[in-house]
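Results of the structural survey
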Amino acid sequence: AEKRLGKLRGDIKKTEKEITDMATAKEEARQKSAFQAAELEAEHRKLQGIKDRLEEIRALSEDKSINIDTREEYKAQIPEAKQELSDQQTRIRMLQAEYNKTENAVDRYSQKIESATQKLDEQKTEAGILAKRIEEAENNSSAFSDAIDDSARRMDKLIARIKKLATRSPRSPISSTPP
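Figured I'd write up the structure that's included with this text. Since the structure is predicted, the reported quantities are computational estimates derived from the model, not experimental observations. (Residues numbered from 1 in each chain as written. Predicted model: local features only at pLDDT ≥ 70, side-chain atom pairs only at ≥ 80, totals over all residues. Heavy atoms only, no water.)

**Some thoughts on a positive patch on the surface**
Taken together, the side chains of Lys32, Lys101, Arg108 and Lys112 present a region of like positive charge at the surface. Here the positive patch gets 3 residues from one element, more than from any other, and that element is helix α2 (residues 68-168). A residue is classified by how much of its surface remains accessible, and Arg108, at 45% relative accessible area, is partly exposed. (Patch = residues over 30% accessible without salt bridge, like charges linked within 9 Å, V, L, I, M, F, W, Y side chains within 5 Å. Areas by Shrake-Rupley, 256 points an atom, 1.4 Å probe, with all protein chains shown as cover. Salt bridge = Lys/Arg side-chain N within 4 Å of Asp/Glu carboxyl O. Lys, Arg positive; Asp, Glu negative; His and termini not counted. Charge placed at Lys NZ, Arg CZ, Asp CG, Glu CD. Helix = DSSP H or I, 4+ residues; strand = E, 2+ residues; numbered from the N terminus. Buried < 20%, exposed > 50% of the residue type's maximum accessible area, 1.4 Å probe, protein only.)

**So, the environment of Met22**
Turning to its location among the elements, Met22 is positioned in helix α1 (residues 2-62). Judged by relative accessible area, which is 15%, Met22 ranks as buried. When the C-alpha atoms of Met22 and Glu84 are compared, they prove to be 41 Å apart, with 62 residues separating the residues in sequence. Residues contacting Met22, with those up to four places away along its chain left out, are Tyr109, Lys112, Ile113 and Ala116. (Contact = heavy atoms within 4.5 Å.)

**Brief notes about the pattern of salt bridges**
Applying the stated criterion across every chain, the model contains 8 salt bridges. Lys17 is the salt-bridge partner of Asp21, the closest N and O atoms lying 2.9 Å from each other. A residue pair is termed a helical-turn pair when its members lie 3 or 4 positions apart in one helix, as Asp21 and Lys17 do in helix α1 at 4 residues. Look at Lys17 and you get exposed, because its relative accessible area is 51%. For Arg53, the salt bridge goes to Glu84, with nearest N and O atoms at 2.5 Å. Of this pair, Arg53 sits in helix α1 while Glu84 sits in helix α2, and the two are 31 residues apart along the sequence. Take Arg53: its relative accessible area is 36%, and that puts it in the partly exposed class. Taken together, the salt bridges that share partners define one network made up of Glu39, Glu43 and Arg91.

**Things to note about a negative patch on the surface**
A cluster of acidic side chains, namely Glu2, Glu135, Glu136 and Glu138, defines a negative patch on the protein surface. Mapping Glu2 onto the fold places it in helix α1.

**Describing the nonpolar core**
The biggest cluster of nonpolar side chains holds 11 residues, and these are Leu5, Leu8, Ile12, Ile19, Met22, Ile113, Ala116, Leu120, Ala127, Leu130 and Ile134. By residue number, the principal contributor to this core is α2, which donates 6 residues. Discounting chain neighbours no more than four positions away, the residues touching Ile12 are Leu120, Gln123, Lys124 and Ala127. Counting residues in hydrophobic clusters, the runner-up holds 10 residues, among them Leu40, Leu47, Leu54 and Ile57. (Core = buried A, V, L, I, M, F, W, Y, C linked by side-chain atoms within 4.5 Å.)

Spelled out as structure tokens, the structure:
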């Protein structure tokens with residue numbers, strides 16, 4: 001039982017270290033996620049600006065109050081603005097994928113920490129039970145040892161009485177002749 005308790009104590013330390021390491025990694029992932037969220041938000045604002053500008057270019061290219069040459073210049077800008085919009089949407093999808101990946105990592109760390117914490121609780125409970133059993137066994141051993149010592153003292157007293165009685169008696173206890 002003491003061997004098992006020693007192993008459990010080692011396992012407990014190992015599990016506690018794993019939990020600490022996972023908590024550190026989770027915090028790093030959470031910070032990375034916060035940075036990515038801010039970056040994603042900025043890119044969404046930029047995307048909205050591109051959409052607004054494209055909408056404005058389209059409106060100006062169709063505005064009959066502007067001379068035809070200016071309208072044609074605006075029409076020529078539309079493909080470039082569309083490409084910029086497409087590129088920005090692609091960038092946002094990539095950033096969103098990275099953000100989702102980081103958030104999933106945070107969730108996995110949370111699950112692993114929860115599982116390890118449960119394992120740690122079970123290990124501590126088992127260690128407590130073993131420690132109690134060892135203590136009870138030691139106490140029982142001590143009580144048994146005390147009982148043996150007490151029996152030995154009583155036996156010594158009994159032997160001493162028997163010897164005393166034997167020395168008082170005129171006959172030897174070995175003699176088989178009747179009186």
